[in-house]
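# Coordinate inspection notes
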Amino acid sequence: MTQKSKSLFDRALLAPAAQDALRKLSPAKLARNPVIFITALVAALSTVLFLRDAITSAGGLLFSGQVIAWLWFTVLFANFAEAIAEGRGKAQAAELRKTRTQTLANRLRDGRVEAVNATELRVGDRVRVSAGETIPGDGDVVLGVATVDESAITGESAPVIREAGGDRSAVTGGTRVLSDTIEIRITAASGSSFLDRMISLVEGAARQKTPNEIALNVLLAGMSLIFVLAVATIPGFARYAGGQVSVIVLAALFVTLIPTTIGALLSAIGIAGMNRLVRFNVLALSGRAVEAAGDVDTLLLDKTGTITLGNRQATAFHPLPGVYEHEMVDAAQLSSLSDETPEGRSIVILAKQKHGLRGREMAPLHAKFIPFTAQTRMSGVDVDGQEIRKGAIDAVKDYVKAHPAGHAIPAELDEIAARIAKGGGTPLAVARDGRVLGVVQLKDIVKGGIRERFAELREMGIRTVMITGDNPMTAAAIAAEAGVDDFLAQATPEKKLELIRAEQAKGKLVAMCGDGTNDAPALAQADVGVAMQTGTAAAREAGNMVDLDSDPTKLIEIVGIGKQMLMTRGALTTFSIANDVAKYFAIIPALFIAFYPQLGALNVMGLASPQSAILSAIIFNALIILALIPLALRGVGYRPAPAARLLSRNLAIYGLGGLIVPFIGIKLIDLLVAAAGLA
Amino acid sequence: MTALGWLQILVFCGLIILLVRPLGGYILRVVEGRRHGLSVVLGPLERLFYRAAGVDPQREQSWHGYALAMLAFNFAGFALLYLILRTQQWLPLNPQALPALSPHLAFNTAISFVTNTNWQSYGGEATMSYLSQMIGLTVQNFVSAATGIALAIALSRGFARRQAQALGNFWADLTRVTLYILLPLCLPYALFLVWQGVPQNLLPYTEATTLEGAKQLIAQGPIASQEAIKMLGTNGGGFLNANSAHPFENPTALSNLAQMLSIFAIGAALTNVFGRMVGDEKQGWALFGAMGILFLAGVAAAYWAETSANPLLQAAGVDANLEGKEVRFGIPASVLFAVITTAASCGAVNAMHDSLMPLAGMVPMINMQLGEVVIGGVGAGLYGMLLFVILAVFIAGLMVGRTPEYLGKKIEAREVKLTVLAILASPLCILGFTSLAGVLDLGLAGLQDRGPHGFSEILYAYTSAAANNGSAFAGLTANSPFYDTTLGIAMLLGRFAIILPMLAIAGSLGAKNTVAPSGGTFPTNNGLFVALLVGVVLIVGGLTFFPALALGPIAEQFALLQGSSY
């Protein structure tokens, strides 16, 4: 994982963000955000009234001028929050864009090769790319095999193999061929290629509001409307009481009451959520997918690489009756010395750890390594006229039966093999000169700490299902060891799809990851389908996220990021609404004290004067936006826990905090305002 | 505050809690159309109604169909009632030869009874013939209550069903609720009231000669039959002008207890019906719990305010504020009744709210301004509270890291939009009309008092109308074209501008699939949720009215503490 950590407020980002904040004052841009749009409208109207008063030289200009300035600051701070979030995204995009210099493509047409600009390529065109050239667009390899450097998008420097047919045929525009020549059929038009989409997504340009964000905006607009009623009726009330209230003060009251805090930070939260994914090298093809990730109930996880280490390891030697243990271990080690597979290496290591057999140099032994072939399904070594073989039980049995030595196969072989399989392991027989010596027990090694993570997920209400091609017996054993809730053994793409549909019918949201073309239907069916960057184009199109590192474990992080984004949104909404209590207590007495002096008793904060009370409330309302930008960008603290615990914690912090903090904040600002003689 | 006072309050609460489950279970059987004791006896009658009306009770309606049936039924009820009130002088059962109501009063009254508000711009004994009371008003008392219950059941079905297009059959719900719940409960209840001393006759008013030799006309009539449904259906419209303060409506402490219990009974039991319908009774108890906390807080605040020192009375050498109260009830039972009748949208009164201490008088106002969700009107309280639940779940639900859901139903933009629309209706009417009446001479003409107290009188009237409560603060002369019309509009919007979006929500939720609950699901049946719900009701429902309340009862209370009154 190449997580680029960047300080929250990069100095280089602040100045452009400030400029952007001003640029975002254009009505068309403001209209995207109802609460801030209303705020700007109120600020503009107040400004007009202020100018009228200034011309007619009415009194109290210093006070109303300050209030109006802070109304505008409220709008600017909101724009600034969005600009900062976008700025961080742009910085990420700029790094991506560096890789996208002008590329020339060799297009194949009617058997001829013509050089065209990459931007002129159409879907279905065939291009030839040779070593050292850049792949001009997203596509599928239709001819040949090559090594490709995909570090531009994945950040992973090791080259990968791309070949025609199969699950490794997809290539991405902007990556570079290192060896050989391949022919590619272009699958994405220029401008809509993977890289293009990725850049526009992280920049925030193509960002569309997610369903929950739209709903939240509706709520915020509705609450603003309720407060329109609450504030617009005050002049009538005041007139009944024989008093008057100034429009500027009403404007201040209104803007402090409407949920400006969450309104200002809402889009920043969304952009930051996407960016957090990008920093994890995961690209969400829509914001909707990030939201869905937070809702996931069931995680389908591939066994290999996610739950277990990719490779099996030897954990025990089982000599057959009548064979010295040392003899069998010696043979197993000899046969594995030149075996570079992880299984082979683990046998050497186990022999050394358990039986003190040191590694030996092969050259002096005049040994000849016999590599694994699909025909024999065995590997081994010929040394000093001896023939040592190891392989799957069936393969070794066949070898023994066919061997001229004519040894019998002991019955214990099958017994041991069955016992190992039942325990979730894989048996590997070792034979010498046509005689079975014993069985090496290979075992899937469950990743360290994964059991605890599954327990966390379970607490959060997320069920984990292990997907494996193993037989049910082995799968059950590994499932039990890893602590997953369920498993799907001998999985086929059809079975996966069936499982997803069954879970969804129960009202559950399912997340899975996959890479092969045959995974595409399941990826499309899943609510969150994470396709591996190494996968086929079909798989990538079917999923709604792409993991550039092709690391299936990340599904767990993706769920976390989705949840964190939703939690941040909820926390700031709650905080914003809870704030209103204190603001009422600051402004209502200030508003009415002129004609009902007894209402001074409501001034529980003991604010210096009506003017300073109003000014302090509006200043607090604006500054709290700035103060919460880091929280919006970073997200609220998130640790997996059951919903009840998360709720009580967050309600205590953001609900109760939202009630109390503004009382303190407004009081402090009032002290400063009064001391500075501003009101 | 006295121990005896608190004992009365706690006995009341205990009895209500005991009622919730058994009554809830029975209502559920009825609305699900299952067999029960009464359906065996009255089943043929029920089926006869369906046949006569050409209704197939098995055919369920979409939310549109349900809403249209409900609107048509209510409009017909309004038209019939208006007609009766305008022509009562020619109709029988009018021993006092009372004239027809004026057009604006008939309009106001017809809307008032159809919307379950029972705001009365008139004095019953001096305005209504027995026929108007019985066939006009009492009938609406039954069917407006049945409408409310049916609507709450429809919304509950929306939560309980998955991927369903239908919400039930309005005609069947209406018939079953009336026939099996309201009528069977009211019959013995009316007899009980007769036993306690409530008249039930069709005689002309009795002319009595007092000890001083003055002539006094003593009003009577078919009071007990109207009284029962007035309480049980949270209608609140008194037969007599003095409502439940009058000894003929509410003669004894025992009848007073029965009346208070019957106001809350169905509304409280409906929370249980809801819980059972969605398959988790605890969900119902959570709603009941939130209502209970708000109720107890209101009672405690009002009781405290009413019994705390009033410097003006102390100066006059009086220690208890008994103005506007009946001595047979005293302070605790008067305050308790005032809080109950406004918490549920009943509106019957056994004391004059106008004469309560300012802060004690503010509690009834807040109860209504919260949207009548503290038990609330029969049915209306449940669906009102569920709207707040949707809001609470939406605001805070995200904090568990999932998109908001309630009982497995995802709350999305459409539901939020409709909820906001429904919640907007009440502040629009209350604040808008109060502001208007406060500046127009037409509005000020009806005031008995000036200053904050006069303001409270206006605020209370529109609050009561928009919340479909119907209780009056007293002091405001509301029978004028201006008040009759604006209050009528407030009652209409306060009822149907909430019902229609609410039914649309029910339709939209019913059509959704239900998400399976897990450890990550926002818990909505525990104490934490109850606290959250109470918070949202107070902040969203209450804060809107803070400026108005500050200029009314709060300003009055602080002035009173400084020794001045209005």
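- Going by what an unreviewed UniProt entry lists, chain B is known as Potassium-transporting ATPase potassium-binding subunit and is assigned to Solimonas fluminis.
- Per UniProt, chain B has the following entry under Subcellular location (unreviewed entry): "Cell membrane".

- Chain A carries the name Potassium-transporting ATPase ATP-binding subunit in an unreviewed UniProt entry, which gives Solimonas fluminis as its organism.
- The record held by UniProt for chain A lists under Sequence similarities (unreviewed entry) the comment "Belongs to the cation transport ATPase (P-type) (TC 3.A.3) family. Type IA subfamily."
- UniProt's Catalytic activity (unreviewed entry) comment on chain A is quoted here verbatim: "K(+)(out) + ATP + H2O = K(+)(in) + ADP + phosphate + H(+)".

### Side note on the sheet that holds strand 4 (residues 139-143) of chain A
All names here are of chain A.
- Spatial strand order, 2-1-3-9-4-7: 6 strands in an open sheet with antiparallel pairing. The open sheet has two edge strands, strand 2 (112-117) and strand 7 (170-171), and neither has a second partner.
- The sheet contact formed by strand 3 (residues 126-129) and strand 9 (residues 182-186) spans 4 bridges and is antiparallel. If you follow Val127 over to strand 9, its bridge partner there is Ile184.

### Structural notes on the confidence of the model for chain B
- The share of residues in chain B with pLDDT of 70 or more is 100%, and the mean pLDDT across the chain is 93.
- Among the scores for the predicted complex, ipTM is 0.91 and pTM is 0.85.

### Details of the UniProt feature "binding site: Mg(2+)" (unreviewed entry) in chain A
Residue and element names in this part refer to chain A.
- Per the UniProt entry, the sites bearing "binding site: Mg(2+)" (unreviewed entry) are Asp515 and Asp519 in this numbering.
- If you trace the backbone, Asp515 turns up in the loop between strand 20 (510-514) and helix 19 (520-525).
- Residue class for Asp515 comes out partly exposed when judged on its relative accessible area of 35%.
- Mapped onto the fold, Asp519 is located in the loop between strand 20 and helix 19.
- Classification of Asp519 by relative accessible area gives buried; the value is 8%.
- Sequence-distant contacts of Asp519, defined by excluding residues within four places in its chain, comprise Lys496 and Gly514.

### Comments concerning the interface of chain B and chain A
- Each partner contributes residues to the interface: chain B has 64 residues there, and chain A has 64 residues.
- Where chain B abuts chain A, roughly 5,100 Å² becomes buried across the two surfaces, and 77% of that area is made up of carbon and sulfur atoms.
- Salt-bridge contacts for Arg402 of chain B lead to Asp297 of chain A; the nearest nitrogen and oxygen are separated by 3.1 Å.
- The tally of links between chain B and chain A comes to 14 residue pairs in polar contact (both at pLDDT 80 or more).
- Sorting the residues of the side of chain B that touches chain A by element identifies helix 14 (380-397), helix 15 (413-439), helix 17 (451-466), helix 19 (527-543) and helix 20 (546-561) of chain B as the ones contributing at least two each.
- The greatest single-element share of the side of chain B that touches chain A, amounting to 14 residues, is contributed by helix 15 of chain B.
- Partitioning the side of chain B that touches chain A into residue classes produces 41 nonpolar, 16 polar and 7 charged.

Reading guide: rules and limits
- Residues numbered from 1 in each chain as written.
- Chains lettered and ligands numbered in written order.
- Predicted model: local features only at pLDDT ≥ 70, side-chain atom pairs only at ≥ 80, totals over all residues.
- Heavy atoms only, no water.
- UniProt positions renumbered as here; feature names shortened; annotations may be inferred.
- Pairing = 2+ DSSP bridges.
- Helix = DSSP H or I, 4+ residues; strand = E, 2+ residues; numbered from the N terminus.
- pLDDT = per-residue confidence, 0-100.
- Buried < 20%, exposed > 50% of the residue type's maximum accessible area, 1.4 Å probe, protein only.
- Contact = heavy atoms within 4.5 Å.
- Buried area = accessible area lost by both parts, 1.4 Å probe.
- Salt bridge = Lys/Arg side-chain N within 4 Å of Asp/Glu carboxyl O.
- Polar contact = N/O pair within 3.5 Å; in protein donor to acceptor, adjacent residues only side chain to side chain.
- Nonpolar A, V, L, I, M, F, W, Y, C, P; charged D, E, K, R; others polar.

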